[in-house]
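Structural overview
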Amino acid sequence: MSSAPLRVGCLGMGWWSDVLADAVVRSGKIQIVSCYTRSEDKRNAFAKKYGIAIQQVVARYAHALDSGDEAGLLSVFTPDAVCWTGPEGTTRQGTEAFREMARNTIVGRLWHFITNVVVDGDGDQATVKAYMLMFRELGREPMLGRYDLEMARVDERWLITYRRVDGVPRVRREPRE
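Just so you know, these numbers come straight off a predicted model, no measurement behind them. (Residues numbered from 1 in each chain as written. Predicted model: local features only at pLDDT ≥ 70, side-chain atom pairs only at ≥ 80, totals over all residues. Heavy atoms only, no water.)

Attention shifts here to the overall build of the chain. Looking only at helices and strands, one finds five helices and eight strands in the chain. Reading the helices (α) and strands (β) of the chain from amino to carboxyl end gives β-α-β-α-α-α-β-β-α-β-β-β-β. Scored against the burial criterion, the 177 residues of the chain give a buried share of 33%. Sequence-distant contacts in the chain: of pairs separated by 6 or more residues, those separated by 24 or more amount to 48%. Put simply, the chain shows about 11,600 Å² of open surface, and 53% of that area lies on carbon and sulfur atoms. Put simply, the chain has 25 plus and 23 minus side-chain charges, and the middle of one group is 5 Å from the middle of the other. (Helix = DSSP H or I, 4+ residues; strand = E, 2+ residues; numbered from the N terminus. Buried < 20%, exposed > 50% of the residue type's maximum accessible area, 1.4 Å probe, protein only. Contact = heavy atoms within 4.5 Å. Areas by Shrake-Rupley, 256 points an atom, 1.4 Å probe, with all protein chains shown as cover. Lys, Arg positive; Asp, Glu negative; His and termini not counted. Charge placed at Lys NZ, Arg CZ, Asp CG, Glu CD.)

On to helix 2 (residues 40–49). Structural remark: α-helix, 3.6 residues per turn; residues separated by three or four positions point the same way. Of the residues making up helix 2, those classed as buried are Arg43, Phe46 and Ala47. The buried residues of helix 2 occupy an angular sector of 100° when the element is viewed end-on, so they sit on one face. Set apart from the buried face of helix 2 by more than 90 degrees, the exposed residues are Asp41 and Lys48. Residues of helix 2 that are buried in the fold lie against strand 1 (6–11), helix 1 (15–27), strand 2 (30–36) and helix 3 (53–67). Looking at the residues trailing helix 2, positive phi occurs at Gly51, about 70°. (Arc of directions from axis to C-beta.)

Opposite charge on two side chains lets them pair, provided their charged atoms get close. A full pass over the atoms with the stated rule returns seven salt bridges. A salt bridge links Arg99 to Glu96, with the shortest nitrogen-to-oxygen separation between them at 2.8 Å. Here the residue Arg99 and the residue Glu96 both occupy positions in helix 5 (residues 95–103), the gap between them amounting to three residues, near one helical turn. By relative accessible area, Arg99 is classed as partly exposed at 24%. (Salt bridge = Lys/Arg side-chain N within 4 Å of Asp/Glu carboxyl O.)

This next bit is on the nonpolar core. Ranked by internal contacts, the top residues of the largest apolar core, which has 26 residues, are Tyr61, Leu73, Phe77, Met151 and Ile160. Elements with a minimum of two residues in this core: helix 3, strand 3 (77–85), helix 5, strand 6 (125–135), strand 7 (143–154) and strand 8 (157–167). Not counting residues within four places of it along the chain, the set of residues in contact with Met151 comprises Ile54, Val57, Asp124, Gln125, Ala126, Val128, Trp158, Leu159, Ile160 and Thr161. Judged by nonpolar contacts, the second largest core, of 10 residues, contains Met13, Ala21, Val24 and Cys35. (Core = buried A, V, L, I, M, F, W, Y, C linked by side-chain atoms within 4.5 Å.)

Turning our attention to the sheet that holds strand 7. Strand order in the open sheet formed by six strands is 4-3-8-7-6-5, and the pairing between neighbours is mixed. The sheet is open, and its two edges are formed by strand 4 (90–93) and strand 5 (111–122), each paired on a single side. Averaged over all pairs of adjacent strands, the angle between their axes in this sheet comes to 15°, without regard to strand direction. Looking at chain direction, strand 7 and strand 8 are connected through 10 bridges and run antiparallel. Considered in strand 8, the bridge of Gly145 is made with Gly167. Each of strand 3, strand 5, strand 6, strand 7 and strand 8 touches helix 3; the most contacted strand, strand 5, lies at about 150° to it. Of the strands in this sheet, strand 3, strand 4 and strand 8 touch helix 5, which is tilted by about 60° from strand 3. (Pairing = 2+ DSSP bridges. Axes fitted to C-alpha atoms, helices over the stretch in contact; angles between N-to-C directions.)

Function cannot be read off these values alone, since they describe shape.
Encoded structure:
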């Protein structure tokens, strides 16, 4: 049996959620990795208090990209952030490049799933490593990849300063006889 903590998300932020989350933290057996409530202020306060603010930025990035939400996409990057995409090595930098990225998204045809998020760092700098599974139009093979992010705390908010995504090359197997 694994000794790794159970990873959970919390829905609805209020007095009782804090009571439960405090007990979760004390147990050492459960790790809060995500949260949601309709109030952005409550969601951000909960994420900050329980150390999940960075994971929330990563999730907001995926949702904004998939929905073509320009404002949402711009809200997770610093204005001078760099995005590198392999294997071609395409580099985008700055606000205008991210606006173009949002505009070029085919809404309803991309679904990013970001998982196995590992956050390292302290103070105002952090690195994030995560796996990505992206489904494109139905009938096409999904894409696997890995994200490497560098993040900085700017005015009490975590923002992406550098994003690298490497796709995993497709491996074709010969049919068995």
